[in-house]
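Residue-level structural notes
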Amino acid sequence: MAQLRVGLVGCGRIAERGYAPAFARAEGVELAAVADPVRERCERVAPGAPSFRSAAELLAAGAADALVLATPAAAHLRDARLAAEACVPVLIEKPPASSVDEAAELAALDPSPRIGFNRRFEPACTVLRDAGRRASQLELSFDLRARKRSWRPYDVDDDVLLDLGPHLVDLAIWISGTDVELVDAYLDGDRAALELKLGERGVARISCGEGPYRERLEVRAGQKTLARNERGGLRAAAGAIVLRRESPLVPSLAAQLESFARAVAGGGEPDLATAADGLRVMRVLTTARQLAERT
């Protein structure tokens, strides 16, 4: 398969720690150009590559045949529109947009963007999905803790619901294979708790918040645990510091880039999230925030 020339727009932490090494690992894609208002960030992410100050400049130069938007959510719709006008395919890093209305506009673009819910490409999450699809009634339990300061983003300051929530809500919908019917939510500063009714398939209970990194994802049917994935905790964090390993994001981002390249070439990629998937997630998050504000 020919290499897909991809332009990376946004050279913040996710680009430095995630996308740059993922491009080096992925097959079928080439990091052809980068764009960021801060030129030094471009040089850190892709030394020597053509660099631009914006997606508009990169598109005008014809420097790439597809884009990854790793910018703050508020910029996604603007740059995705420009790409759609140029008939350039786009993969948008989560969260897909800063509001449900913007997510709906993204879903209406042609060509429609893909959304970077890279957790779908983790083997452990595939095991959870396969277990969930085999059961008639599900109880999903997802708990995720992370310290924002450990990531030290340059520009973004999303709250915990928009920062950690999108992946977990998407996993609930993806694993169950159904839409969310009802939402209950509790938000308190750096903590969010959601309960989602997954149609006739069951329920998902999601908890996320500030704290030392750990996660526990569990799929149950009644009293039986069908699949579980746990990682993180203080001991694992200490080990990661000593070993200085690459970010755990890199393998799934690389697999997602490969899937994106195949989709651009016309392949069917059912695990690659669509703009419609992003809209579903943003509807849930918006409803959760509205419910919490009323209480």
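Please refer to the structure placed before this passage.
Notes on the structure follow. Everything quoted here is computed from the prediction, not taken from an experiment.

1. Some thoughts on helix H4 (residues 76–85)
Those residues of H4 that sit buried are His 76, Leu 77, Asp 79, Ala 80, Ala 83 and Ala 84. Within H4, the buried residues cover an arc of 165 degrees as seen down the axis, which keeps them to one side. Set apart from the buried face of H4 by more than 90 degrees, the exposed residues are Arg 78 and Glu 85. Looking at the buried side of H4, the elements it contacts are strand S1 (4–9), helix H3 (55–61), strand S4 (66–69), strand S5 (90–93) and helix H5 (100–108). Positive phi shows up at Cys 87, right after H4, with a value of about 60 degrees.

2. Considerations on the nonpolar core
Of all hydrophobic cores here, the largest spans 61 residues; its most connected members are Leu 67, Leu 140, Phe 142, Val 169, Leu 194 and Leu 196. By residue number, the principal contributor to this core is helix H8 (residues 160–176), which donates eleven residues. Look past the residues within four positions of Leu 196 in its chain and what remains in contact with it is Val 169, Ala 172, Val 180, Leu 182, Val 183, Gly 202, Val 203, Ala 204, Ile 206 and Val 284.

3. Let's talk about the side chain of Lys 94
Within the secondary structure, Lys 94 sits in the loop between S5 and H5. Reaching out from Lys 94, the side chain makes a polar contact with the backbone oxygen of Asp 163 at a distance of 2.4 Å. Ignoring anything within four residues of it in the chain, the contact list for Lys 94 reads Gly 116, Phe 117, Leu 162, Asp 163, Pro 166 and His 167.

4. A few points about the pattern of salt bridges
A full pass over the atoms with the stated rule returns 30 salt bridges. The partner of Arg 231 in a salt bridge is Glu 122, with the nearest N and O atoms 3.2 Å apart. Remark: Glu 122 occurs in the loop between strand S6 (114–116) and helix H6 (123–134) and Arg 231 occurs in strand S12 (residues 224–232); sequence separation between them is 109 residues. With relative accessibility at 30%, the residue Arg 231 sits in the partly exposed group.

Cut-off values and rules
Residues numbered from 1 in each chain as written. Predicted model: local features only at pLDDT ≥ 70, side-chain atom pairs only at ≥ 80, totals over all residues. Heavy atoms only, no water. Buried < 20%, exposed > 50% of the residue type's maximum accessible area, 1.4 Å probe, protein only. Helix = DSSP H or I, 4+ residues; strand = E, 2+ residues; numbered from the N terminus. Arc of directions from axis to C-beta. Contact = heavy atoms within 4.5 Å. Core = buried A, V, L, I, M, F, W, Y, C linked by side-chain atoms within 4.5 Å. Polar contact = N/O pair within 3.5 Å; in protein donor to acceptor, adjacent residues only side chain to side chain. Salt bridge = Lys/Arg side-chain N within 4 Å of Asp/Glu carboxyl O.

In short, shape yes, function no, at least from these values alone.
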